[in-house]
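One letter stands for each residue in the lines below.
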Amino acid sequence: MDRHAKAYFYTILSTLLLPVGYIVNTIVLRTTSPLTAVMYMFMLTPIIALLVAYATGRKKKLLKARKHWKSLALLGLLTSISATTWFMGLSLVGPSTLGFLIRFITVFTIVLGVIFLKETFNKLEGLGIVAMIAGALIISYKGTGFAAGTVLAIISALAFSLFSLKAKGYVKKLDPMVLNTGRLFFASPFVILFGLASGAFAPIPV
């Protein structure tokens with residue numbers, strides 16, 4: 001399998017797994033607050049990522065990645081912003097609406113690519129961006145809660161787009177699995193500290 005085929009395979013796999021996250025986390029949010037849920041998630045995911053990295057023989061690469069800690073810290077900060085606003089938005093607008101709004105990732109990625117990477121997009125893509133913005137405006141008119149959820153979803157999409165833009169450069173220097181493990185470890189303290197400051201630490205029902 002060549003590089004392009006692998007890229008398409010991983011993209012499709014990621015897209016298939018995303019809806020599972022929306023549904024499972026919606027169920028979780030029935031019994032706990034968004035900040036509590038994201039805190040527990042970021043207590044567990046760095047450990048899981050580290051175990052997977054070790055199990056796939058990346059111990060030496062992990063140790064070498066320490067010299068890139070500033071880059072990983074930036075990715076961790078952007079990840080924490082994206083994840084926290086994602087959970088808060090999910091609690092306000094639900095999985096189906098958030099699933100639509102989070103597609104602003106594509107809009108922001110195109111715009112940032114044009115600005116910083118000198119990429120181009122055609123009229124059809126421009127029409128799609130206009131349709132996305134119109135859809136977001138229509139959704140925001142459903143009420144105050146939806147308007148707040150829309151704003152949070154757009155912030156989440158922007159933070160993730162910035163993360164993707166920066167990661168695109170860093171992945172040339174770091175193994176993707178190592179990059180993911182590092183950004184989760186740096187995201188964890190940001191999320192946990194924010195959760196503690198907000199009084200979100202609480203036990204989750206079994």
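What counts, and at which threshold
- Residues numbered from 1 in each chain as written.
- Predicted model: local features only at pLDDT ≥ 70, side-chain atom pairs only at ≥ 80, totals over all residues.
- Heavy atoms only, no water.
- Axes fitted to C-alpha atoms, helices over the stretch in contact; angles between N-to-C directions.
- Helix = DSSP H or I, 4+ residues; strand = E, 2+ residues; numbered from the N terminus.
- Parallel < 35°, antiparallel > 145°, perpendicular 65-115°, else oblique.
- Left-handed = near helix turned anticlockwise from the far one by under 90°.
- Contact = heavy atoms within 4.5 Å.
- Nonpolar A, V, L, I, M, F, W, Y, C, P; charged D, E, K, R; others polar.
- Buried < 20%, exposed > 50% of the residue type's maximum accessible area, 1.4 Å probe, protein only.
- Core = buried A, V, L, I, M, F, W, Y, C linked by side-chain atoms within 4.5 Å.
- Salt bridge = Lys/Arg side-chain N within 4 Å of Asp/Glu carboxyl O.

Undergrad: For this particular structure, what's the right way to read the packing of helix 2 (residues 34–55) against helix 8 (residues 176–197)?
TA: Geometry of a packed helix pair, given as the angle between the helix axes and the separation of the axes. Close contact between helix 2 and helix 8 brings their axes to 8 Å; oriented N to C, the two are set at 155°. Taken together, the axis directions place helix 2 and helix 8 in an arrangement best described as roughly antiparallel. Judged by the sense of rotation from one axis to the other, the crossing of helix 2 with helix 8 is left-handed. Where helix 2 abuts helix 8, its residues Leu35, Val38, Met39, Phe42, Met43, Thr45, Pro46, Ala49, Leu50, Val52 and Ala53 lie against Met177, Asn180, Thr181, Leu184, Phe185, Ala187, Ser188, Val191, Ile192, Phe194, Gly195 and Leu196. Residue composition of the contact of helix 2 with helix 8, grouped by class: 18 nonpolar, five polar and no charged.

Undergrad: What is the right way to look at the environment of leucine 184 in this model?
TA: Positionally, leucine 184 belongs in helix 8. It is 9.4 Å that separates the C-alpha atoms of leucine 184 and leucine 77, two residues lying 107 residues apart in sequence. Apart from residues no more than four positions distant in its own chain, leucine 184 is found in contact with Phe42, Thr45, Pro46 and Ala49.

Undergrad: Looking at this model, I keep getting lost on the environment of phenylalanine 42. Mind explaining?
TA: In this structure, phenylalanine 42 sits in helix 2. Phenylalanine 42 sits in the buried class, given a relative accessible area of 2%. Considering only alpha carbons, one finds phenylalanine 42 and threonine 11, 31 residues apart in sequence, at a separation of 23 Å. Excluding anything up to four places from it in sequence, phenylalanine 42 contacts Thr79, Ala83, Leu184, Ala187, Ser188 and Val191.

Undergrad: It is not clear to me how the nonpolar core should be interpreted in this structure. Could you clarify?
TA: Generally speaking, a soluble globular protein has its nonpolar side chains buried in company with each other. Judged by nonpolar contacts, the single largest core of 30 residues is most densely connected at Val38, Phe42, Trp86, Leu98 and Phe104. Among the secondary structure elements, those contributing two or more residues to this core are helix 2, helix 4 (69–101), helix 5 (104–116), helix 6 (123–140), helix 7 (144–170) and helix 8.

Undergrad: I would appreciate a short explanation of the pattern of salt bridges in the present structure.
TA: Opposite charge on two side chains lets them pair, provided their charged atoms get close. Evaluation of the coordinates by the stated rule reveals two salt bridges. Salt-bridge contacts for arginine 58 lead to aspartate 175; the nearest nitrogen and oxygen are separated by 2.7 Å. Placement of the pair is arginine 58 in the loop between helix 2 and helix 3 (59–64) and aspartate 175 in the loop between helix 7 and helix 8, with a sequence separation of 117 residues. Of the charged contacts in the structure, one is a salt bridge between aspartate 175 and lysine 61, with a shortest N-O distance of 3.6 Å. One end of the pair, aspartate 175, is in the loop between helix 7 and helix 8; the other, lysine 61, is in helix 3, and 114 residues separate them in sequence. For aspartate 175, a relative accessible area of 17% puts it in the buried group. We classify lysine 61 as partly exposed; its relative accessible area is 44%. When salt bridges with common partners are traced through the structure, they connect Arg58, Lys61 and Asp175 into a single cluster.

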